Amino acid sequence: MKLEICNLSGYKIYPSRGRTFVSADSKTYRFLSSKTESLFHQNKKARLLAWTPIYRRLQRKGVSEEVAKKRTRRNVKFNRAVVGASLEQINARRNEKSDIRSAARAEAVAKAKEQRKGEAAKRKAARANAPDAGKFSKQQARGSASKVSRSGR
Amino acid sequence: MIQLKSRLNVIDNSGALVAECIKVLRNARAANIGDEIVVAVKKARPISEKTSSSLSAAKIRKGDVRRAVIVRTRKEIRRPDGRYVRFDDNACVLLNNQQQPLGSRILGLVAAELRFKNWVKIVSLAPRVV
């Protein structure tokens, strides 16, 4: 089933409705009703007939609702620099490949371990050199609670 | 709906231009597309002595009585899909007594109804069928 379009008004013509007119110069015109057919033969222009979709399109009637619906704002994601990390740093960190990151992390971990080992060795050595150092009791090491002194008033 | 005294344009190259219906070869008052009628030629192209020998088609003069088949009508016709079609004028093609077209060419379009009424030769000669 092919839907034709009325040559004058622009309405859809369903089968078995309307008429077809073949003019002397072999042009075929399809009309939805006797109204459109009559207007065509009076040489009326659809652009000037206020009820036709052609007129309404030209005069932009009924278009405002469609336009309003389409104009919803979209939030744009924007990358911003933060105090402590500039935009380049952020982008660099984001674009780092996972294996590089894990390698760097492993490296850092190993470094930290080594550092800690070194410090522990130092501390041991210090303790060995100062034998009195270990004789402090825990309380003494913590320090006594200070007496509340009478201040003014 | 062509009836007695109706004038039709002749759209073949037989030489006739306007024909007037004088008899409808149907048991009805009016004839439609694809019906045969008897016409009297009312207007014909002038035949000069020089062209008469070179013309392959028959020479038709004003006043000749011939048969014709109607190929276009201003009255709308109904198609099987419910559509109605109508043309801008009434037109016919002249025939001889054996129901063959007199002319060798057809100028202009014809209605598709002719195919279903077995005017196959005319449909094949026509430049456009609507």
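Residue numbers run consecutively from 1 along every chain, following the written order of its sequence. Throughout, the order in which chains and ligands are written sets their labels, letters from A for the former and numbers from 1 for the latter. Only residues with pLDDT of at least 70 get local features here, since the model is predicted, and only at 80 or more are side-chain atom pairs given and counted; chain-wide, interface and lining totals rely on the full set of residues. Note that the side-chain values use all heavy atoms of the structure and ignore hydrogens as well as water.

A. A look at the overall build of chain A. Counting its secondary structure elements, chain A contains six helices and four strands. Each helix (α) and strand (β) of chain A, taken in turn from the N terminus, gives the series β-β-β-β-α-α-α-α-α-α. Only protein chains enter the accessibility calculation, which uses a 1.4 Å probe; a residue whose area is less than 20% of its type maximum is buried, one above 50% is exposed, and one in between is partly exposed. A total of 153 residues make up chain A; the buried ones form 11% of that total. Taking as baseline every contact in chain A between residues at least 6 positions apart, the subset at least 24 positions apart corresponds to 24%. For chain A, the accessible surface area stands at approximately 14100 Å², while carbon and sulfur atoms represent 50% of it. Secondary structure elements are defined from DSSP: runs of H or I of at least 4 residues count as helices, runs of E of at least 2 residues count as strands, and each element is numbered from the N terminus. Note on definitions: a residue-residue contact is assigned when non-hydrogen atoms from the two residues lie within 4.5 Å. Shrake-Rupley sampling with a 1.4 Å probe provides the accessible areas, and residues are treated as covered by the protein chains on show and by no other component.

B. Structural context of the nonpolar core. Residues and elements named next belong to chain B. We call a set of buried Ala, Val, Leu, Ile, Met, Phe, Trp, Tyr and Cys residues a nonpolar core when their side-chain atoms join them within 4.5 Å. One finds Val 69, Val 71, Phe 87, Leu 114 and Ile 122 to be the most contacted residues of the largest nonpolar core, which totals 21 residues. Only strand E4 (65–72), strand E6 (84–87), strand E7 (91–95), strand E8 (109–110) and helix H3 (120–125) provide two or more residues apiece to this core. A total of three residues in this core trace back to one element, the largest contributor, which is E7. If we skip the residues at most four places from it in the chain, Ile 122 touches Val 69, Val 71, Val 93, Leu 95, Pro 101, Ile 106 and Leu 114. Core analysis: the next-biggest nonpolar cluster, separate from the first, contains 17 residues, Ala 19, Val 24, Ala 31 and Ala 68 among them.

C. Here's a closer look at the sheet that holds E4 of chain B. Residue and element names in this part refer to chain B. In space, the five strands of this closed barrel follow the order E1-E2-E3-E4-E7, with mixed pairing throughout. Taken over all neighbouring pairs, the strand axes of this sheet differ in orientation by 55° on average, direction set aside. Pairing between strand E3 (residues 36–44) and E4: five bridges, direction antiparallel. When the bridges of E4 are listed, Glu 36 appears paired with Val 69. By this definition, two strands are paired if DSSP reports at least two bridges between them. Angles run from 0 to 180 degrees between N-to-C directions of axes, and those axes are lines fitted to C-alpha atoms, restricted for helices to the stretch in contact.

D. Local environment of the environment of Ser 23 of chain A. Residue and element names in this part refer to chain A. One can find Ser 23 in the loop between strand E3 (19–22) and strand E4 (28–31). The class for Ser 23 is buried, based on a relative accessible area of 11%. In protein, a polar contact means a hydrogen-donor-capable atom and an acceptor-capable atom, both N or O and within 3.5 Å, with residues adjacent in sequence counting only if both atoms are side-chain atoms; elsewhere, any N or O pair within 3.5 Å suffices. A distance of 2.3 Å separates the side chain of Ser 23 from the side chain of Asp 25, its partner in a polar contact.

E. Inspection of the packing of aromatic side chains at higher detail. Residue and element names in this part refer to chain A. Each pair of aromatic rings taken from Phe, Tyr and Trp, with Trp reduced to its six-membered ring, is defined by centres within 6.5 Å and is described as stacked if the planes are under 30 degrees apart, edge-to-face if over 60, and tilted in the remaining cases. Under the criterion given, the structure shown has four aromatic pairs over all chains. Seen in terms of ring centroids, Tyr 29 and Phe 31 are 6.5 Å apart; in terms of plane orientation they differ by 10°. Their pairing is stacked. The buried category is assigned to Tyr 29, whose relative accessible area is 17%. Judged by centre distance (4.9 Å) and plane angle (50°), the ring pair of Phe 31 and Phe 40 falls under tilted.

F. How the structure looks around the pattern of salt bridges. Counted as salt bridges are all cases of a side-chain nitrogen of Lys or Arg within 4 Å of a carboxyl oxygen of Asp or Glu. Inspection of every chain in the model, using the stated rule, returns 15 salt bridges over all chains. Residue Asp 25 of chain A is joined to Lys 27 of chain A by a salt bridge in which the shortest nitrogen-to-oxygen separation is 3.8 Å. Owing to a relative accessible area of 48%, Asp 25 of chain A belongs among the partly exposed residues under this scheme. Of the residues examined, Lys 27 of chain A reaches a relative accessible area of 44% and is grouped as partly exposed. Its salt-bridge partner being Arg 72 of chain B, residue Asp 89 of chain B comes within 2.9 Å of it at the nearest N-O pair. A residue pair is termed long-range when its members are at least 10 positions apart, and Asp 89 of chain B in the loop between E6 and E7 and Arg 72 of chain B in strand E4 qualify at 17 residues.

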